Amino acid sequence: MKTAIEIRDLSKTYVINKQKQKVLDAVNLDILPGEFILLRGDNGSGKTTLVNLICGLQVPDEGSIEIFGKSPKDPKAHLKLGTMLQRAKPVEGLTVKETIRLFQSYYPQPFELNETIERSRLTGKQNDYATSLAGGQAQSLYFALAIVGNPDILILDEPTNNLSVEARANFWTQVREFDRQGKTILAISHSEQDCDEIADLVTREVRLSNENGEVEIQEFPRYQALLNYCTELEEVAKGNSESSSEAETSSTAQSDPGSFSFKAFWGQLYVELLQSFRQVSTIVIGLGLAILAGVYIEQNIPDQFQSLVAASLAGLVIFVCVSQFGVKIASERDRGWLKLLRITPLSFTTYLAAKVGNFLVFASLMTGFAFVSGWGASQFSETSSFSWEPWMVYLSFILVLGVVPFAIFSFSLGYLFKTESLSWAILAFLAMMAVSFGFNVSELVPESFKPWVGDVVLFLPTYHYGQLVAWMGEIELENIFRFDGYHWIHILWLLWWTVVAGMFARWVYRREQLSG
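This is a predicted model, so every value here is computed, not measured. (Residues numbered from 1 in each chain as written. Predicted model: local features only at pLDDT ≥ 70, side-chain atom pairs only at ≥ 80, totals over all residues. Heavy atoms only, no water.)

Engineer: Whenever I open this one, the overall build of the protein confuses me. Can you help?
Structural biologist: Each helix and strand in the protein was counted, giving 19 helices and eleven strands. Counting every position in the protein, which comprises 516 residues, the buried fraction comes to 50%. The contacts of the protein with a sequence gap of at least 6 include a subset with a gap of at least 24, amounting to 76%. Just so you have it, the protein exposes about 24500 Å², and 56% of that area is on carbon and sulfur atoms. (Helix = DSSP H or I, 4+ residues; strand = E, 2+ residues; numbered from the N terminus. Buried < 20%, exposed > 50% of the residue type's maximum accessible area, 1.4 Å probe, protein only. Contact = heavy atoms within 4.5 Å. Areas by Shrake-Rupley, 256 points an atom, 1.4 Å probe, with all protein chains shown as cover.)

Engineer: Explain the sheet that holds strand β9 (residues 215-219) here, please?
Structural biologist: Note: strands within a sheet are paired through backbone hydrogen bonds, in either parallel or antiparallel orientation. Spatial strand order, β5-β6-β7-β3-β8-β9: six strands in an open sheet with mixed pairing. The outermost strands of the open sheet, each flanked by one partner alone, are β5 (81-84) and β9. On average, each strand axis in the sheet is tilted by 15° relative to the strand beside it, whichever way the strands run. Where strand β8 (residues 204-208) and β9 come together, five bridges link them in antiparallel fashion. In the strand pairing of β9, V206 is matched with I217. With respect to the sheet, helix α4 (residues 135-147) is in contact with β5 and β6 (153-157), its orientation differing from that of β5 by roughly 170°. (Pairing = 2+ DSSP bridges. Axes fitted to C-alpha atoms, helices over the stretch in contact; angles between N-to-C directions.)

Engineer: Help me understand the pattern of salt bridges, please; the structure alone is not making it clear to me.
Structural biologist: Oppositely charged side chains are able to pair whenever their charged atoms sit close together. Scanning the entire structure with this criterion turns up 20 salt bridges. In this structure, R204 engages E35 in a salt bridge whose closest nitrogen and oxygen atoms are separated by 2.6 Å. One end of the pair, R204, is in strand β8; the other, E35, is in the loop between β2 (19-31) and β3 (36-40), and 169 residues separate them in sequence. Each member of the pair, R204 together with E35, is buried. Across the pair D152 and K183 runs a salt bridge, and its minimum N-O distance is 3.6 Å. With D152 in the loop between α4 and β6 and K183 in the loop between α5 (165-180) and β7 (184-188), this residue pair connects regions lying 31 residues apart in the sequence. What makes D152 partly exposed here is its relative accessible area of 31%. By relative accessible area, K183 is classed as buried at 8%. Here the salt bridges do not stand alone but share partners, grouping E272, K328, E332 and K355 into one network. (Salt bridge = Lys/Arg side-chain N within 4 Å of Asp/Glu carboxyl O.)

Engineer: How should I be thinking about the sheet that holds β2 in this particular structure?
Structural biologist: The strand order β2-β1-β4 describes an open sheet built from three strands, whose pairing is antiparallel. The open sheet has two edge strands with one neighbour each: β2 and β4 (62-67). Going from strand to strand, the sheet's axes swing by 30° on average, the running direction of each strand aside. As defined by bridge partners, strand β1 (residues 5-16) adjoins β2 across nine bridges and the pair is classed as antiparallel. Across the sheet, the residue bridging to L10 is V27, located in β2. Those strands touched by helix α1 (residues 47-55) are β1, β2 and β4, and its axis lies near 120° from that of β1.

Engineer: Teacher, can you tell me more about the packing of aromatic side chains here?
Structural biologist: Two descriptors summarise a pair of aromatic rings, namely the distance from one centre to the other and the angle between the planes of the rings. For the structure shown, the criterion picks out 21 aromatic pairs. A centroid spacing of 5.2 Å and a plane angle of 80° characterise the contact between W496 and W497, whose relative ring orientation is edge-to-face. By way of ring pairs, the aromatic residues F409, F459, W493, W496, W497, F504 and W507 are connected into one cluster. Over the ring of F111 we find R119, and its NZ or CZ is 4.8 Å from the ring centre. A cation over a ring is seen here: R342 above Y509, with NZ or CZ 4.5 Å from the ring centre. (Phe/Tyr/Trp six-rings, centres within 6.5 Å; stacked < 30°, edge-to-face > 60°. Lys NZ or Arg CZ within 6 Å of the ring centre and 35° of its normal.)

Engineer: What is the right way to look at the side chain of S378 in this model?
Structural biologist: Tracing the backbone shows S378 in helix α13 (residues 348-378). The buried category is assigned to S378, whose relative accessible area is 9%. Within the structure, the side chain of S378 is placed 2.5 Å from the backbone oxygen of W375, a separation counted as a polar contact. (Polar contact = N/O pair within 3.5 Å; in protein donor to acceptor, adjacent residues only side chain to side chain.)

Engineer: For this particular structure, what's the right way to read helix α14 (residues 390-401)?
Structural biologist: Since the α-helix turns once every 3.6 residues, residues separated by three or four places project in the same direction. Between its first and last C-alpha atoms α14 spans 17 Å; for twelve residues at 1.5 Å apiece the expected length is 16 Å, and the two agree. Restricting attention to buried positions, one finds in α14 the residues W391, M392, L395, S396, I398, L399 and V400. In this structure, the buried side of α14 is in contact with α11 (305-335), α13, α15 (404-416) and α18 (461-473). (Expected span 1.5 Å × (residues − 1).)

Engineer: Where do I start with the environment of V51 in this structure?
Structural biologist: Assignment of secondary structure puts V51 in helix α1. We classify V51 as buried; its relative accessible area is 0%. The sequence separation of V51 and L156 amounts to 105 residues, and the corresponding C-alpha distance is 9.0 Å. In this structure, V51 is in contact with T83, L85, I155 and I188, ignoring residues within four places of it in sequence.

Engineer: Quick question: what am I supposed to make of the side chain of K47 here?
Structural biologist: Note that K47 resides in helix α1. Despite being buried, K47 has no salt bridge partner; E158 is the closest side chain of opposite charge, sitting 5.5 Å away. At 3.0 Å, the side chain of K47 forms a polar contact with the backbone oxygen of G41. When neighbours within four sequence positions are excluded, K47 is seen to be in contact with L39, R40, G41, D42, I188, H190 and L208. (Lys, Arg positive; Asp, Glu negative; His and termini not counted.)

Engineer: How should I be thinking about unusual backbone geometry in this particular structure?
Structural biologist: Of note in the backbone geometry, D9 takes a positive phi value of approximately 50° without being a glycine. Structurally, D9 is set in strand β1. The partly exposed category is assigned to D9, whose relative accessible area is 45%. Even without glycine at this site, N150 takes up a positive phi of about 55°. Its relative accessible area of 27% is what places N150 among the partly exposed residues.

Engineer: Please clarify how the confidence of the model for the protein should be interpreted in this entry.
Structural biologist: Note that predicted coordinates carrying low pLDDT should not be read in detail. Residue-level pLDDT values for the protein average 82, and 88% of them are 70 or greater. Ranking the elements of the protein by mean pLDDT puts helix α8 (residues 242-255) last with 42 and helix α2 (residues 96-104) first with 94. The low-confidence segment residues 241-258, where pLDDT is below 50, has five contacts with residues more than four positions distant or belonging to other chains. (pLDDT = per-residue confidence, 0-100.)

Engineer: I tried to follow the nonpolar core on my own but got confused; where do I start?
Structural biologist: Across soluble globular proteins, you tend to see nonpolar side chains buried next to one another. Counting 140 residues, the largest nonpolar core has I100, F411 and Y465 as its most contacted members. Considering each element in turn, this core owes the most residues, 14 residues, to α11. (Core = buried A, V, L, I, M, F, W, Y, C linked by side-chain atoms within 4.5 Å.)

Structure, rendered in structure tokens:
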């Protein structure tokens, strides 16, 4: 029989105070389409752990879970899944409307924006920043994010916490509407008032035990009626022709998006840009220093404008990339924002592409502002010989695309380190890049270290990036920093490093276990 959620021999153990504690032990459960499951149990019985496993936020020690036949690790499984988590926070710099619109872009057939806002009673708060919402209003936002994708399965983890009496009544009214539409609902609640409110909707009550991690299931009359209905549908389905089955399979395959979604990409890129331009520090450090570099070099050393602006922009682009990009990821992890993203259909490829795309736009603006500010400064100088030349376009191209592997590595740093320890990792990363940025560092080290130091530097992406900058900027600093004439070799090495950085970022992203 077709199931909405299929759980087989599911086990999960935590290590607490150096002792293993089994929270779930060989749990087996088939949830039918259209069921309303009430999940209950004392604190620590594993309710939230079970939700995290279903959502793919954690990995079971043993057993398996399928959502309409797909693993929770597959982003496609989340196309039909909407989850209201107990502990998570919205990202900074976005309004309520912008946050809901972002989640709307992840799904192929979402609810309309205004409909979602009305259902969650956020009409008067839609233009407020999401982080400014009070407890009950924040819960309403999480409900909006759970339902905006028009899910077939709705998971609610303690959904009425901090809600007022009026908001609680509206919430269960909306849940009843979803139940009438035949949606599958899994709800967790400690509130006896909530349990009484939905008693007539519940098909089965699943109770988890603190003592042994086992499951007790109580069936209600609605379950038997639903089971009979599903059995009848199963018999009808068996009588269908193969052609109908093939047509349905083809239709389903065509409706499933691939690992990369342009709709989700543009939605994610838009909010990434919004956040960047609403962050004063990013604007001051990035665009402000780029403008100062262009003005200062043109006014004081105009005859070396090409080489100096190339070197300064290359260093500035990498600095902003590593320092801002990684810190932003780590901050989003600490807030729990990434947990909210992981329960959506947003794929790793789409997410990373939007993150890198945001920085490429910003890097392009930095180079453009540097050249424009240099041109502006030349208008006030009687001796300036500034002119727009093709090398500026080529240098911009090298600066922007050449920084892609560093942006991806910064993404990985944000996942590997917490915010408080990330600064040291960034300093070490920047120091490594500084000593290998196209330089022949063997000229700066003792004779005994020259052979192996020179060989190691040749393999680093910063060396090849620096060589391309030296090529476009016509930089020559005796035997320490000058172009060696092998531009295609350096381009191929950077492409190779981009692939390596992408593979490493995927591994880091997948190993991240976001606990509830």
